[in-house]
Amino acid sequence: MADEVTLLDFWPSPFGMRLRIALAEKGIKYEYKDEDLRNKSPLLLKMNPVHKKIPVLIHNGKPICESLIAVQYIDEVWSDRSPLLPSDPYQRAQARFWADFVDKKIYDAGRKVWTLKGEEQEAGKKEFLDALKLLEDQLGDKPYFGGDNIGYVDVSLVPFYSWFKAYETFGNINIEKECPKFIAWAKRCLQKESVSSSLPDQNKVYDFIVEMRKKFGLE
């Protein structure tokens, strides 16, 4: 039986982008459904009744929720091509640690950069840049966090690059000046079709965030 794969997503979501990249890396064809998060579909509510959030991967009618869990699932189910997690147990644990670090630090600190002002925003900017510098140290001299090819941490992290124009504009920061190695890594990832085809244009994401700021009364 052919695999039936559906992705419930929202186009600017960096968490959904993770699944798009992972599926592209594995060469998996799937149906893409863009959700209206203000009017969630019955399918989303049925497939993720606990959190009612995107992304949700549906594989042969069975839902897999939470982006990092879904990326691991994709890697395990289609294990015969483009491995994302290392085979060594210690290296796998390290990859999971740094992907979890991205979840805990990059999204929250980045959100502070574009939603806060004054001292709170300055603290958010420092937290954001410190996290990027820590990740630069972890990358070292490798082309990718996964080594010679993109891996689990790369897939977890690179989607946030599509939000960088917004972070830089609203936070008044030059990320390339502060973290040149990080930007070089992101541009290297974008040379891969699986990444470039999965990430929206930074200007499009910026326009989306401008609208979000208006709704939050920040403009």
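What counts and what doesn't
Residues numbered from 1 in each chain as written. Predicted model: local features only at pLDDT ≥ 70, side-chain atom pairs only at ≥ 80, totals over all residues. Heavy atoms only, no water. Domains from an automatic or database assignment. Contact = heavy atoms within 4.5 Å. Buried area = accessible area lost by both parts, 1.4 Å probe. Helix = DSSP H or I, 4+ residues; strand = E, 2+ residues; numbered from the N terminus. Buried < 20%, exposed > 50% of the residue type's maximum accessible area, 1.4 Å probe, protein only. Pairing = 2+ DSSP bridges. Axes fitted to C-alpha atoms, helices over the stretch in contact; angles between N-to-C directions.

So, the domain arrangement of the protein
For step 1, the next point in the chain: Segmenting the protein into domains produces domain 1 (3-76) and domain 2 (88-214).
For step 2, the next point in the chain: Between the C-alpha centres of domain 1 and domain 2 there is a distance of 21 Å.
For step 3, the next point in the chain: Contact with domain 1, which involves 16 residues of that partner, is made by 25 residues of domain 2.
For step 4, the next point in the chain: Of the roughly 1,800 Å² buried between domain 1 and domain 2 on both sides combined, carbon and sulfur atoms contribute 70%.
For step 5, the next point in the chain: The three residues of domain 1 that bury the most area against domain 2 are Trp-11, Arg-18 and Ile-21, which together make up 33% of that side's buried surface.

Some points on unusual backbone geometry
For step 1, the next point in the chain: In this chain, Ile-54 is followed by Pro-55 through a cis amide linkage whose omega measures 0°.
For step 2, the next point in the chain: Checked against the element boundaries, Pro-55 lands in the loop between α2 (42-47) and β3 (56-59).
For step 3, the next point in the chain: The residue Glu-66 is not glycine, and still its phi comes out positive at about 75°.
For step 4, the next point in the chain: The residue Glu-66 is located in the loop between β4 (62-65) and α3 (67-77) in this model.
For step 5, the next point in the chain: Take Glu-66: its relative accessible area is 39%, and that puts it in the partly exposed class.

Topic: the sheet that holds strand β1 (residues 5-9)
For step 1, the next point in the chain: The strand order across the open sheet formed by 4 strands is β2-β1-β3-β4, and the pairing between neighbours is mixed. On the outer flanks of this sheet lie β2 (31-34) and β4, each paired with one strand and no other. In this sheet, adjacent strand axes meet at a mean angle of 20° when their direction is disregarded.
For step 2, the next point in the chain: Of the strand pairs in this sheet, β1 and β2 are connected by 4 bridges, and their pairing is parallel. Bridge pairing links Leu-8 to Lys-33 in β2.
For step 3, the next point in the chain: Relative to the sheet, helix α1 (residues 14-26) contacts β1, β2 and β3, its axis offset from that of β1 by approximately 155°.
For step 4, the next point in the chain: Against the sheet, α3 engages β3 and β4, with an angle of about 125° to β4.

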